[in-house]
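# Geometric and topological summary
Below, each chain spelled out in residue letters.
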Amino acid sequence: MKYVRFFVFFVLLALLAVSPLFAEDLELTSDKMRYESETGDFWADGNVKVTRGTIMATSKTADGNMNRQIFTMKGGVHVFGSWQKEKVDMKGQTLSGVFTEPQEYIFDGGVKGFWGSRQVDADKLRMKGDYFMRSLSAST
(Lines give C-alpha, C1' and ligand atoms only; values in the text may rest on other atoms or scores of the structure.)
Protein backbone atom coordinates (compact mmCIF):
# COMPACT_ATOMS: atom_id res chain seq x y z
CA MET A 1 0.00 0.00 0.00
CA LYS A 2 2.85 2.43 0.82
CA TYR A 3 4.46 1.70 -2.55
CA VAL A 4 1.20 2.60 -4.30
CA ARG A 5 0.92 5.90 -2.40
CA PHE A 6 4.51 6.82 -3.24
CA PHE A 7 4.04 5.89 -6.86
CA VAL A 8 0.84 7.93 -7.20
CA PHE A 9 2.45 11.03 -5.65
CA PHE A 10 5.57 10.72 -7.79
CA VAL A 11 3.52 10.18 -10.95
CA LEU A 12 1.53 13.34 -10.18
CA LEU A 13 4.77 15.20 -9.55
CA ALA A 14 6.21 13.90 -12.81
CA LEU A 15 3.19 15.16 -14.74
CA LEU A 16 3.74 18.68 -13.36
CA ALA A 17 7.43 18.86 -14.20
CA VAL A 18 8.53 20.14 -17.60
CA SER A 19 12.22 19.26 -18.05
CA PRO A 20 13.25 16.23 -20.15
CA LEU A 21 14.36 14.42 -17.00
CA PHE A 22 10.88 14.73 -15.54
CA ALA A 23 8.83 13.98 -18.64
CA GLU A 24 8.38 10.31 -17.68
CA ASP A 25 6.87 8.43 -14.73
CA LEU A 26 9.07 7.94 -11.70
CA GLU A 27 9.23 4.72 -9.72
CA LEU A 28 10.60 4.54 -6.18
CA THR A 29 11.24 1.25 -4.40
CA SER A 30 13.01 0.40 -1.13
CA ASP A 31 12.98 -2.14 1.67
CA LYS A 32 10.98 0.21 3.96
CA MET A 33 8.93 3.33 3.19
CA ARG A 34 6.82 5.78 5.13
CA TYR A 35 4.68 8.72 4.01
CA GLU A 36 2.95 11.31 6.21
CA SER A 37 -0.04 12.55 4.22
CA GLU A 38 -0.65 15.56 6.50
CA THR A 39 2.87 16.99 6.14
CA GLY A 40 3.97 15.50 2.82
CA ASP A 41 7.13 14.06 4.40
CA PHE A 42 8.42 10.73 3.10
CA TRP A 43 11.23 8.35 4.07
CA ALA A 44 12.71 5.36 2.28
CA ASP A 45 15.30 3.05 3.82
CA GLY A 46 17.34 0.17 2.46
CA ASN A 47 18.09 -0.52 -1.20
CA VAL A 48 16.47 2.71 -2.40
CA LYS A 49 16.02 2.74 -6.16
CA VAL A 50 14.55 5.59 -8.18
CA THR A 51 13.92 5.00 -11.88
CA ARG A 52 12.63 7.46 -14.44
CA GLY A 53 12.82 6.57 -18.10
CA THR A 54 16.39 5.65 -18.96
CA ILE A 55 18.09 6.91 -15.80
CA MET A 56 18.29 5.29 -12.38
CA ALA A 57 19.63 6.33 -8.96
CA THR A 58 20.30 4.02 -6.02
CA SER A 59 21.21 4.80 -2.40
CA LYS A 60 20.91 3.49 1.14
CA THR A 61 18.23 6.01 2.24
CA ALA A 62 16.07 8.83 0.89
CA ASP A 63 13.77 11.44 2.35
CA GLY A 64 11.92 14.53 1.26
CA ASN A 65 8.69 16.43 1.20
CA MET A 66 6.11 16.21 -1.56
CA ASN A 67 4.46 19.52 -0.63
CA ARG A 68 7.74 21.45 -0.85
CA GLN A 69 8.88 19.22 -3.75
CA ILE A 70 12.32 18.41 -2.31
CA PHE A 71 14.26 15.17 -1.87
CA THR A 72 17.62 13.85 -0.64
CA MET A 73 19.20 10.46 -1.35
CA LYS A 74 22.03 9.47 1.01
CA GLY A 75 24.71 6.83 1.32
CA GLY A 76 26.58 5.46 -1.66
CA VAL A 77 24.47 7.20 -4.31
CA HIS A 78 24.92 5.78 -7.81
CA VAL A 79 23.34 7.51 -10.81
CA PHE A 80 23.48 5.61 -14.11
CA GLY A 81 21.77 5.04 -17.43
CA SER A 82 21.33 7.69 -20.10
CA TRP A 83 20.01 11.22 -20.07
CA GLN A 84 19.30 13.15 -23.25
CA LYS A 85 21.03 10.36 -25.22
CA GLU A 86 24.27 10.59 -23.21
CA LYS A 87 25.48 7.74 -21.00
CA VAL A 88 25.72 8.62 -17.32
CA ASP A 89 27.55 6.69 -14.60
CA MET A 90 28.47 8.63 -11.46
CA LYS A 91 28.90 7.88 -7.77
CA GLY A 92 28.85 10.17 -4.73
CA GLN A 93 27.48 10.32 -1.20
CA THR A 94 24.36 12.51 -1.45
CA LEU A 95 21.99 13.64 -4.18
CA SER A 96 19.46 16.33 -3.35
CA GLY A 97 17.04 18.25 -5.47
CA VAL A 98 14.16 20.63 -5.89
CA PHE A 99 11.39 19.78 -8.36
CA THR A 100 10.04 23.33 -8.69
CA GLU A 101 11.30 25.65 -11.43
CA PRO A 102 14.10 26.25 -11.83
CA GLN A 103 14.85 22.64 -10.94
CA GLU A 104 18.06 22.17 -9.00
CA TYR A 105 20.13 19.09 -8.18
CA ILE A 106 23.25 18.83 -6.05
CA PHE A 107 25.40 15.70 -6.17
CA ASP A 108 27.89 15.82 -3.31
CA GLY A 109 30.60 13.81 -1.59
CA GLY A 110 33.41 13.07 -4.02
CA VAL A 111 31.45 12.71 -7.23
CA LYS A 112 33.27 10.49 -9.73
CA GLY A 113 32.32 8.94 -13.04
CA PHE A 114 31.30 10.19 -16.46
CA TRP A 115 28.54 12.05 -18.25
CA GLY A 116 28.72 11.40 -21.98
CA SER A 117 32.34 11.96 -23.01
CA ARG A 118 33.03 14.15 -19.95
CA GLN A 119 34.96 12.67 -17.04
CA VAL A 120 33.57 13.82 -13.67
CA ASP A 121 35.80 14.18 -10.59
CA ALA A 122 34.48 16.84 -8.23
CA ASP A 123 33.66 17.41 -4.58
CA LYS A 124 30.24 18.72 -5.64
CA LEU A 125 28.32 18.80 -8.92
CA ARG A 126 25.38 21.22 -9.19
CA MET A 127 22.79 21.58 -11.92
CA LYS A 128 20.30 24.43 -11.87
CA GLY A 129 18.08 24.82 -14.89
CA ASP A 130 20.42 24.30 -17.85
CA TYR A 131 23.64 25.24 -16.00
CA PHE A 132 26.22 22.87 -14.52
CA MET A 133 28.82 23.82 -11.92
CA ARG A 134 31.43 21.76 -10.16
CA SER A 135 33.35 22.41 -6.97
CA LEU A 136 36.77 21.10 -6.10
CA SER A 137 38.35 21.14 -2.66
CA ALA A 138 41.20 23.56 -1.97
CA SER A 139 43.63 20.64 -1.78
CA THR A 140 42.77 19.37 -5.26
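Described in the following lines is the structure provided in the data block. (Residues numbered from 1 in each chain as written. Predicted model: local features only at pLDDT ≥ 70, side-chain atom pairs only at ≥ 80, totals over all residues. Heavy atoms only, no water.)

## A look at the overall build of the protein
Within the protein, the regular secondary structure consists of one helix and nine strands. Out of the 140 residues in the protein, the part that is buried amounts to 38%. Taking the intrachain contacts of the protein between residues at least 6 apart in sequence as the baseline, contacts between residues at least 24 apart amount to 36%. Of the roughly 8300 Å² that the protein leaves accessible, carbon and sulfur atoms contribute 55%. (Helix = DSSP H or I, 4+ residues; strand = E, 2+ residues; numbered from the N terminus. Buried < 20%, exposed > 50% of the residue type's maximum accessible area, 1.4 Å probe, protein only. Contact = heavy atoms within 4.5 Å. Areas by Shrake-Rupley, 256 points an atom, 1.4 Å probe, with all protein chains shown as cover.)

## As for the pattern of salt bridges
Applying the stated criterion to the full structure yields five salt bridges. A salt bridge links D63 to K74, with the shortest nitrogen-to-oxygen separation between them at 3.0 Å. Taken together, the residues D63 in strand 4 (residues 55-65) and K74 in strand 5 (residues 70-83) connect sequence positions 11 residues apart. Using a relative accessible area of 22% as the deciding quantity, one classes D63 as partly exposed. For K74, a relative accessible area of 35% translates into the label partly exposed. A salt bridge links D121 to K112; the nearest nitrogen and oxygen atoms lie 2.7 Å apart. You can call K112 partly exposed: its relative accessible area is 46%. (Salt bridge = Lys/Arg side-chain N within 4 Å of Asp/Glu carboxyl O.)

## Notes on the pairing of strand 5
Where strand 4 and strand 5 come together, nine bridges link them in antiparallel fashion. Residue T61 lies in a different strand from strand 5, and its bridge partner there is K74. Taking the residues that link successive antiparallel strands as the turn, the strand 4-strand 5 hairpin has four residues, and the phi of Q69 there is positive, at about 60°. Judged from the 12 bridges that link them, strand 5 and strand 6 (residues 86-98) form a sheet pairing that is antiparallel. Along strand 6, the bridge assignment pairs F80 with D89. (Pairing = 2+ DSSP bridges.)

## Quick word on unusual backbone geometry
We note that N47 has phi near 50°; this positive angle belongs to a residue other than glycine. Examined against the element boundaries, N47 turns out to sit in strand 3 (residues 41-52). The backbone of K85 shows a phi angle near 65°, a positive value even though the residue is not glycine. Note on placement: K85 falls in the loop between strand 5 and strand 6.

## A few points about the environment of G113
Mapped onto the elements, G113 comes out in strand 7 (residues 104-115). Since its relative accessible area comes to 15%, G113 is described here as buried. G113 sits 34 residues away from V79 along the chain, and the two C-alpha atoms are 9.4 Å apart. Dropping the residues within four chain positions of it, G113 is found in contact with D89, M90, R118, Q119 and V120.

## Some thoughts on the nonpolar core
Membership of the largest hydrophobic core comes to 28 residues, with the highest contact counts inside it found for M73, V79, M90 and F107. Those elements that place two or more of their residues in this core are strand 1 (26-29), strand 2 (32-35), strand 3, strand 4, strand 5, strand 6, strand 7 and strand 8 (118-128). Considering every element that reaches this core, the biggest residue donor is strand 5, with five residues. Beyond its immediate chain neighbours, meaning those up to four positions away, V79 contacts I55, M56, A57, V88, D89, M90, L95 and F107. (Core = buried A, V, L, I, M, F, W, Y, C linked by side-chain atoms within 4.5 Å.)

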